[in-house]
Amino acid sequence: MTIRELVEILSGKILVENHSLDEEVPRGGAADLMSDVLAFGTDRMVLMTGLTNPQVVRTAEMAGINVIVFVRDKKPPHETIEMARDSGVTLVSTGYTMYEACGRLYAAGLAGRGPVKIENDSW
Amino acid sequence: MTSHEITPVQELIYTTRVETVMATNVVVLCPSMSMAEAKTLMQNKRISGAPVVDGDRVVGIVTMTDVIRAMELGKLDSPVTEHMVKEVMTAFKDASVIEVVNRLGREGFARLPVVDRDGKLVGILTNGTLIRALLHEMDISFQKKETEKIQTYRASHIFQDILSDDTSVVLRFVVDDKDFSNAGKASSMIKKSLQRIQIPPPIVRRVAVAVYEAEMNLVIHTDVGGEINVDIRPDRLFISAVDHGPGIEDLQQVLQPGFSTAPQWIRDMGFGAGMGLANIKRCSDMMKLISEPGAGTRLDMIFVFGENAAGVVGGSSGKKS
């Protein structure tokens, strides 16, 4: 799925555009817990979240995530937008809830990362 | 949906906003001016048209064509409001350049007054200002790319260029406490530096996540901040996060996934779930936590790459320090 298709499916609005809209998004994920994003995020994926503080962008940058979608039409503060501009993350907002945003993308064929295995020792 | 290559110029006109390419020193006419005065002003300023402005509103536009027509009618002494075009096509300052390019091109307008969302005149766009600004932007982005290339080349060759038995590069970063909005700055710099040195991308990703978790710990849990040291060798990274904060009472307890002492406001921000150290352990090839109450904390991490990587991941041979 390209970023362009993703934005269309979510009837979304691009807040910060740091990638070509024709770039492929290989996977999707959703979390409000940044530790989960750091643990389970995969390269170049799209992250759906209800949090809008600047650390969400920082977390995405660290986890190699290209696109963040803010659900429920949440407007990120100025600092979040600025940080996205600097760190090369693309920001999108959608009016759908987290559940519905994920559902629409999944139904359109955007995969998740599959079952997550947590080993006793390393987790 | 047609997929085609987007040229750098196309990318620029799609991503650049009108306000960055417009001219801000707009020559304007007031409604009370005569066409003769407008003609003199435009000749002196060497322009072929100007908006008529009442207060800060654009009420019309006068071009040389209008001046010639007034001349032919012998009415150069009449006010500009009689001869100006009243339906003025304007552009919003936050619109993308692609919109105005279409207007200037297809609809044949030579100039577009630029207004803000309140309708106030803030600048003007002509083919000339557009081309000049785009060339300037292209030049900047080209220079940036070239500079990054040179910096990457230089940085990635440091291990070949420096003569020694064993070369290591040490980077030091200071982390302020409770400075939540700046948290992650060190990690961001570390990630960029490692990319520049051309450490393999999967390693960079693991380091970025681990270092970011460690940096968040310094921000959240110490009252004095701390520092992160990155020791880069040709085949491995030694990274330590050191603070002189309160220290940790029970080391076994903090290593338990889910254990956290983070305050509620940190949790509201999506952090402090008690998974940081577990995540660092998972990302690094070796992790060691040393702490004593009142004596600060030291977290050591090792990341191995190149030929030695396989022997250490998951094995016990990595305990080198």
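Here is a short report on the structure shown in this document. (Residues numbered from 1 in each chain as written. Chains lettered and ligands numbered in written order. Predicted model: local features only at pLDDT ≥ 70, side-chain atom pairs only at ≥ 80, totals over all residues.)

1. Concerning the overall build of chain B
What counts is decided by this rule: Each helix is a run of DSSP H or I of at least 4 residues and each strand a run of E of at least 2, with the numbering of both proceeding from the N terminus. For every residue, the other C-beta atoms within 10 Å of its own C-beta are counted; 20 or more classify it as buried, 12 or fewer as exposed, and values in between as partly exposed. C-beta atoms are placed from the backbone. For the purpose of contact definition, each residue receives a C-beta atom placed from its backbone, and two residues are in contact when these atoms lie within 7 Å.
The secondary structure content of chain B amounts to 14 helices and ten strands. Relative to its full complement of 321 residues, chain B shows a buried share of 30%. Considering only contacts within chain B whose residues lie at least 6 apart along the sequence, 60% involve residues at least 24 apart.

2. Here's the deal with the environment of Glu-215 of chain B
Residues and elements named next belong to chain B. Topologically, Glu-215 is positioned in helix 10 (residues 201–221). For Glu-215, a count of 25 C-beta atoms within 10 Å puts it in the buried group. Distance from Glu-215 to Ala-186, taken between C-alpha atoms, is 7.6 Å for residues 29 residues apart in sequence. The contact partners of Glu-215, leaving out residues within four places of it in the chain, are Val-175, Ala-183, Gly-184, Ala-186, Ser-187 and Ile-228.

3. What about the sheet that holds strand 5 (residues 121–126) of chain B?
Residues and elements named next belong to chain B. What counts here: At least two bridges found by DSSP between two strands is the condition for calling them paired. Axis lines are fitted to C-alpha atoms, over the contacting stretch for helices. Their N-to-C directions set the angle, which ranges from 0 to 180 degrees.
As summarised here, the arrangement of the three strands in space is 3-4-5, forming an open sheet in which the pairing is mixed. Among the strands making up the open sheet, the edge pair consists of strand 3 (91–92) and strand 5. Relative to strand 4 (residues 111–115), strand 3 runs parallel, the two sharing two bridges. Within strand 4, the position partnered with Phe-92 by the bridge is Val-115. Across the face of the sheet, helix 6 (residues 97–106) comes into contact with strand 3, strand 4 and strand 5 while running at roughly 150 degrees to strand 4.

4. Details of the sheet that holds strand 7 (residues 226–232) of chain B
Residues and elements named next belong to chain B. Overall, antiparallel pairing links the five strands, which are arranged 6-7-8-10-9 in an open sheet. A single partner strand is all that each edge strand has here, and the edge strands are strand 6 (169–175) and strand 9 (286–291). Across the sheet, the mean angle from the axis of one strand to that of its neighbour is 10 degrees, orientation sign disregarded. Sheet topology note: the strand 9/strand 10 (residues 297–304) ladder contains six bridges and is antiparallel. Looking across to strand 10, one finds that Lys-288 is bridged to Asp-300.

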